[in-house]
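# Notes for the structure review
Spelled out, the chains give:
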2 protein chains.
Amino acid sequence: MIVAVWMAELSERSGLPVPTIKFYLREGLLPPGESLGATRARYDETHLQRLRLIRALVEVAQLRLDVVRSVLDGVDRARSRHEAIGIAHARLSSAPETVASEQSLRAVDGLLERMGWQLMAQSPHRQSLARALDAIASLGYPVGDDLLDAYGHAMGEAAEVELDQLEAGDRESAVEHAVIGTLLLEPVLLTIRRIAQVNASHARLWAT
Amino acid sequence: MIVAVWMAELSERSGLPVPTIKFYLREGLLPPGESLGATRARYDETHLQRLRLIRALVEVAQLRLDVVRSVLDGVDRARSRHEAIGIAHARLSSAPETVASEQSLRAVDGLLERMGWQLMAQSPHRQSLARALDAIASLGYPVGDDLLDAYGHAMGEAAEVELDQLEAGDRESAVEHAVIGTLLLEPVLLTIRRIAQVNASHARLWAT
């Protein structure tokens, strides 16, 4: 069922000021409403949902607007949830400019093999991960296989719970699944990681 | 042992162009070297290490320079590793502008209680996490306690391995521990998460 919504209601229900919504319309981030003459247009629930998604990407995931546009453009065209996740990743993680060391690339390949994971040839993740390992190693703290494995097992288990929750949601959009699963859960995970670190560090401080 | 290093060598060994290093000196991100007249100065290994740290924060953690400065300023003054971790967190995660819902705050408190974790009163994490949960719920996908618990257990176990690795590193600096543990491992974890998601999603696609 499509329920008509005027601009004022769109603003009230999305929590965004009218000028911001008009800016998103001009920039093509929000599709136009149904025009009713030169100065009036009618919107529906899909506009409201898209505004909430843009707002979450800007405020929670802290993406720049050009990145928001690129992600939404890409995943809008995806034909399946799986494809949408792949496109969202590719738009977000460009391969780093510097080429990673052979040693770090071997460490990544080792992790993939131990976890039984595969990557498509064009995936940016292998280079990105190896480059991140290089940066830490250059500071004198090489990342060991045991930490990579700890992250691998942790994220493998989390991915199953993440997919279960997304599939149980009210909504059916592949776009939203990809964006929420990839981006909006990141701040949740990272904040929980920080809380876990403070508590682990505190426990060690008092144990010594 | 302090080994003298000239600007050209600083550039070569850090991989950063001379003008970039001079910019960091002018901006106060890099402490000045030992002046030998109007146009020459001598640096040492601590300058090189600081440059590598700045480079990693900019290129890998993708922080803006003003954030890099704030993090380094804060953690340089910390008196222990534990305090440095707390300061690094506080400089990075400002409390969100919008106040989180009571429901999400209760979900965060529930997680803390189940995990046996505590937060200091001034910590921004409780509001940040609840606000991130609100954003996802507003899109029709409430985050369940089972996903919070999955993240909590995963990050609690990872924190122990992270602390072990940092304590085994060559270096002794509390600054570097805090920055690497908090920031530079984030891209490693998030990239592994994306690889895990693609593989879990792919496995479900073929299982149906």
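The preceding data block contains the structure.
This text gives an overview of the structure that appears in the document. For clarity, every value in this text was computed on a predicted model and none was experimentally measured.

## What about the interface of chain A and chain B?
- Across the boundary between the two partners, chain A contributes 84 residues, which contact 84 residues of chain B.
- In this assembly, chain A packs against chain B so that about 7500 Å² is buried in total across both faces, 68% of it on carbon and sulfur atoms.
- Area buried by chain A at its contact with chain B is led by L139(A), Y141(A) and R194(A), which between them contribute 11% of it.
- At the boundary of chain A with chain B, the tally comes to 8 salt bridges.
- We note a salt bridge from R204(A) to D164(B), for which the minimum N-O separation is 3.0 Å.
- For the pair chain A and chain B, the number of links is 20 residue pairs in polar contact (both at pLDDT 80 or more).
- Among the secondary structure elements, those contributing two or more residues to the side of chain A that touches chain B are α3 (45-59), α5 (81-92), α6 (102-115), α7 (125-138), α8 (145-167) and α9 (174-207) of chain A.
- Tallying contributions element by element places α9(A) first for the side of chain A that touches chain B, with 27 residues.
- Looking at the side of chain A that touches chain B, its residues break down into 43 nonpolar, 24 polar and 17 charged.

## Some words on the packing of aromatic side chains
- Scanning the model with the defined rule gives 2 aromatic pairs over all chains in all.
- The interplanar angle of 50 degrees and the centroid separation of 6.1 Å between the aromatic rings of F23(B) and Y24(B) together place this pair among those described as tilted.
- Taking relative accessible area as the criterion, F23(B) reaches 31% and is therefore assigned partly exposed.
- Sitting above the plane of the W6(A) ring, R40(A) keeps its charged end 4.3 Å from the centroid.

## Observations regarding the relation of the copies chain A and chain B
- Relative to chain B, chain A is turned by 180 degrees and slid 0.0 Å along the rotation axis, the superposed coordinates differing by an RMSD of 0.0 Å. What the rotation and shift describe, once combined, is the action of a two-fold rotation axis. For chain A, the minimum C-alpha distance to the rotation axis belongs to A154(A) and amounts to 2.5 Å.
- Mapped onto chain B, 100% of the interface residues of chain A again fall at the interface, so both copies present the same surface.

## Topic: the pattern of salt bridges
Residue and element names in this part refer to chain B.
- A complete count under the given rule lists 24 salt bridges over all chains for this structure.
- Among the salt bridges present, the one from R13 reaches E45, with a minimum N-O distance of 3.3 Å. With R13 in helix α1 (residues 7-14) and E45 in helix α3 (residues 45-59), this pair connects stretches of sequence that are 32 residues apart.
- R13 gets classed as partly exposed once you look at its relative accessible area, which sits at 36%.
- Where R126 meets D109, a salt bridge forms, and the shortest distance between an N and an O atom there is 2.8 Å.

## So, the packing of α3(A) against helix α4 (residues 65-76) of chain A
Residue and element names in this part refer to chain A.
- Close contact between α3 and α4 brings their axes to 10 Å; oriented N to C, the two are set at 135 degrees. Taken together, α3 and α4 sit at an angle that is classed as oblique. Note on packing geometry: the crossing formed by α3 with α4 is right-handed. Side by side, α3 and α4 meet where R50, L53, I54, L57 and V58 of the first sit next to L65, V68, L72 and D76 of the second.
- Class assignment for the residues of the contact of α3 with α4 results in 7 nonpolar, no polar and 2 charged.

What counts, and at which threshold
Residues numbered from 1 in each chain as written. Chains lettered and ligands numbered in written order. Predicted model: local features only at pLDDT ≥ 70, side-chain atom pairs only at ≥ 80, totals over all residues. Heavy atoms only, no water. Contact = heavy atoms within 4.5 Å. Buried area = accessible area lost by both parts, 1.4 Å probe. Salt bridge = Lys/Arg side-chain N within 4 Å of Asp/Glu carboxyl O. Polar contact = N/O pair within 3.5 Å; in protein donor to acceptor, adjacent residues only side chain to side chain. Helix = DSSP H or I, 4+ residues; strand = E, 2+ residues; numbered from the N terminus. Nonpolar A, V, L, I, M, F, W, Y, C, P; charged D, E, K, R; others polar. Phe/Tyr/Trp six-rings, centres within 6.5 Å; stacked < 30°, edge-to-face > 60°. Buried < 20%, exposed > 50% of the residue type's maximum accessible area, 1.4 Å probe, protein only. Lys NZ or Arg CZ within 6 Å of the ring centre and 35° of its normal. Least-squares fit on C-alpha atoms with pLDDT ≥ 70 in both. Axes fitted to C-alpha atoms, helices over the stretch in contact; angles between N-to-C directions. Parallel < 35°, antiparallel > 145°, perpendicular 65-115°, else oblique. Left-handed = near helix turned anticlockwise from the far one by under 90°.

These figures come from the coordinates and say nothing about function on their own.
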